Amino acid sequence: MSGRSGMGVWAVLIICAALIVGAMGWLTRSVLQAERERSFAESRARLEERIRLSLWRMDSVAASLVIEENQRVFIPGVTPPENPLVRARFTIGADSTVSPEGELPAEDLELLRSALDEKGTDFFPNACAAIQADNQWGANFAYVENNLQVDVKQQAAAYQQERNTNERAMRGKAINQAVSKAGPYQQMAQPEAEIALEASTGGFQPTWLGGEPFLLRQVRTLGVVSAIQGVWIDAAFFRETLLDEIEDLLPQARLEPTTPSEGDEAAMEMASFPWRLVPGEKARADPATRGPVVASLGVGWLAVVVALVAGMALVRAVMRLSERRASFVSAVTHELRTPLTTFRLYSDMLASGAVADESKRSGYFRTMRREADRLSHLVENVLAFSRIERRGGKARISEVNVHALLDDLRERFEERLVGAGLKLWIGVEGEVVARADPAAVEHVLFNLIDNAAKYAADSKPPEVRITARLQGGRVEIEVADYGSGIPASERSRIFRAFHKSAAEAADSRPGVGLGLALSRRLARGMAGDLECRDGPGARFVLVLPAA
């Protein structure tokens, strides 16, 4: 594969990987955002539920105070029963005189007067105005009428807000009903303030005056307001009592004074007293709920990364295989061209009778035979490697006497070396018997001898040594020469198939870079190995199982 086409393949692969990673990133962002929104919605729903329950609890406590005071009869001069929420009970005459029930310390009386009117003179008109302006029960009634029936489409669009609104309306309705039945002689004020003032009797209205909480109601004589009865509530203790009721639901909550309202903000107000609840916390997405989603996304990302890495590795392997096979084809072409040219030249010369000298004719025949043997060896290597690649040609293992095998192969090996000016020395240390395929062992050893003839022809001394020995339960057959050797950096590369290009085959000794790769595979097919070790020249060791 050419460099330009290889770059094109990598460019396409990188673009595809970028698209996959981008899509996965967008999907991850969308899933995490959806999960955050879901978690936030759940948290908000839980918070709203606690708020609603808290308001119901506090309204129950505050309503019980209002109902208790509505049912009690004011008796001037008689000390009322103790109630920790009440600081004082009093009556304001039409002339703005303040008459507490029972004894009230002078300091508390002065605080009461200051709360009713900072100027200290207009107690009666201020109280009447407060009752008219802060009509809690009228506000509840109006809120019920306006909000209890919610349009279905509107409820679907803002479910949580409308649920809070309904809850507020229901609380107001329940509190109004409870307060209206507080006593046989008390009637709840009408929704409109002016009608409330014309009623024959009135219930207590919660309100704020001078920053203090009060319960106020009108006393009418012959249809005319003649007095105002009031209950001064201990604001701090009242607030603490209400917050204690909801401490398990909203531990950081607080209460703020307000005035009765009918808008959306009324959803956070109590229906029995003008307090507004501030939860003290906000809905937050819970990171713990994202665990399964994050784990799933992590597995997805891992799968994507593994797939991309595997894809790149596969493309790289295919490209390398393509390059190696292209190199092999070009190298084989080069290897075939030289002997075929020799055959054609020498056969033409011999056929035409141009060579009359018998010795020259014999030399030409020997050259043609040597080239034929080289071609035969090349073809055998290619065919053997092809069988191994197809997982065929299973080794036929038997017990092999190494000494006898080397004696049988000596003549063939010497014939190959003599043409390169090399001698053969064989030594076997003791009785060496291996479990191997004799044909495969011969093929491996001849490849090593052939390489020695190619690369160590000018070695000093001009000798190739074959040594066989037992070593730790294994048989080692060593083939060594005294040539230039193999650099350490090249020792792993030489065992790769098709590692020679056409240019390398032309610039170096003949061969296509297949012999050593085939030899190692044959050795491993016999449960052995072929190793390249340090030596004065090239030193290869065939390792086989001992019998």
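Residues numbered from 1 in each chain as written. Predicted model: local features only at pLDDT ≥ 70, side-chain atom pairs only at ≥ 80, totals over all residues. Heavy atoms only, no water.

1. Regarding helix H11 (residues 402-418)
Part 1: Its 17 residues give H11 an end-to-end C-alpha distance of 23 Å, which sits within 8% of 24 Å, the value for a rise of 1.5 Å per residue.
Part 2: The largest bend in H11 amounts to roughly 45° and is located at Leu409.
Part 3: Against strand E8 (398-401), strand E9 (423-428), strand E10 (433-436), helix H12 (438-455), strand E11 (463-471) and strand E12 (474-481) lie the buried residues of H11.
Part 4: One side-chain oxygen at the N-terminal end of H11 lies 3.1 Å from the backbone nitrogen of His403; it belongs to Asn401. (Helix = DSSP H or I, 4+ residues; strand = E, 2+ residues; numbered from the N terminus. Expected span 1.5 Å × (residues − 1). Bend = angle between axes of the 7 residues up to and from the residue. Contact = heavy atoms within 4.5 Å. Polar contact = N/O pair within 3.5 Å; in protein donor to acceptor, adjacent residues only side chain to side chain.)

2. Notes on the sheet that holds E12
Part 1: With respect to topology, five strands assemble into an open sheet ordered E9-E11-E12-E14-E13, the strand pairing being mixed. Strand pairing shows two members of the sheet lacking a second neighbour, E9 and strand E13 (529-533), which therefore form its edges. Taken over all neighbouring pairs, the strand axes of this sheet differ in orientation by 20° on average, direction set aside.
Part 2: Sitting on the sheet, H11 is in contact with E9, E11 and E12, with an inclination near 170° to E9. (Pairing = 2+ DSSP bridges. Axes fitted to C-alpha atoms, helices over the stretch in contact; angles between N-to-C directions.)

3. A look at the sheet that holds strand E4 (residues 212-221)
Part 1: Ordered by their spatial adjacency, five strands build an open sheet running E2-E1-E5-E4-E3, and the pairing between neighbours is antiparallel. Edge positions in the sheet fall to strand E2 (98-100) and strand E3 (205-209), since each of these pairs with one other strand and no more. Mean inter-strand twist for the sheet, computed between neighbouring axes without regard to direction, equals 35°.
Part 2: Both E3 and E4 contribute to a ladder of five bridges, which runs antiparallel. Bridge assignment links Gln205 to a residue of E4, and that residue is Leu216.

4. Here we look at the side chain of Ser459
Part 1: Its location among the elements puts Ser459 in the loop between H12 and E11.
Part 2: For Ser459, a relative accessible area of 4% gives the class buried.
Part 3: Within polar-contact distance, the side chain of Ser459 engages the backbone oxygen of Ala456 at 3.0 Å.
Part 4: Engagement of the side chain of Ser459 in a polar contact is seen with the backbone oxygen of Pro461, the distance being 3.2 Å.
Part 5: Residue contacts for Ser459: discarding those within four places in its chain leaves Leu422, Tyr482 and Gly483. (Buried < 20%, exposed > 50% of the residue type's maximum accessible area, 1.4 Å probe, protein only.)

5. Overview of the confidence of the model for the protein chain
Part 1: In this model, the protein chain carries a mean pLDDT of 80, and residues with pLDDT of at least 70 account for 83%.
Part 2: In the model, residues 150-157 has pLDDT below 50 throughout and makes six contacts with residues more than four positions away in sequence or in other chains.
Part 3: For the stretch residues 184-200, pLDDT sits under 50, and the model shows 35 contacts to residues farther than four places along the chain or on other chains. (pLDDT = per-residue confidence, 0-100.)

6. Describing helix H8 (residues 235-245)
Part 1: Taken as a whole, H8 has its buried residues at Ala235, Phe238, Thr241, Leu242 and Leu243.
Part 2: The backbone nitrogen of Ala236 lies 3.4 Å from a side-chain oxygen of the residue at the head of H8, namely Asp234.

7. Remarks on the packing of aromatic side chains
Part 1: Applying the stated criterion to the full structure yields nine aromatic pairs.
Part 2: Ring geometry for Phe214 and Trp232: centres 6.4 Å apart, planes at 20°, overall stacked. A residue pair is termed long-range when its members are at least 10 positions apart, and Phe214 in strand E4 and Trp232 in strand E5 (residues 224-233) qualify at 18 residues.
Part 3: Judged by its relative accessible area of 0%, Phe214 falls in the buried class. (Phe/Tyr/Trp six-rings, centres within 6.5 Å; stacked < 30°, edge-to-face > 60°.)

8. Regarding the environment of Gly6
Part 1: Inspection of the secondary structure puts Gly6 in helix H1 (residues 3-71).
Part 2: When the C-alpha atoms of Gly6 and Glu323 are compared, they prove to be 10.0 Å apart, with 317 residues separating the residues in sequence.

9. Re the pattern of salt bridges
Part 1: This model, assessed by the stated rule, comprises 26 salt bridges.
Part 2: Residue Asp248 pairs with Arg57 through a salt bridge whose shortest N-O separation is 2.8 Å. Note that Asp248 is positioned in the loop between H8 and strand E6 (254-257) and Arg57 in helix H1, a separation of 191 residues in sequence.
Part 3: Exposure remark for Asp248: the relative accessible area of 56% places this residue in the exposed category. (Salt bridge = Lys/Arg side-chain N within 4 Å of Asp/Glu carboxyl O.)

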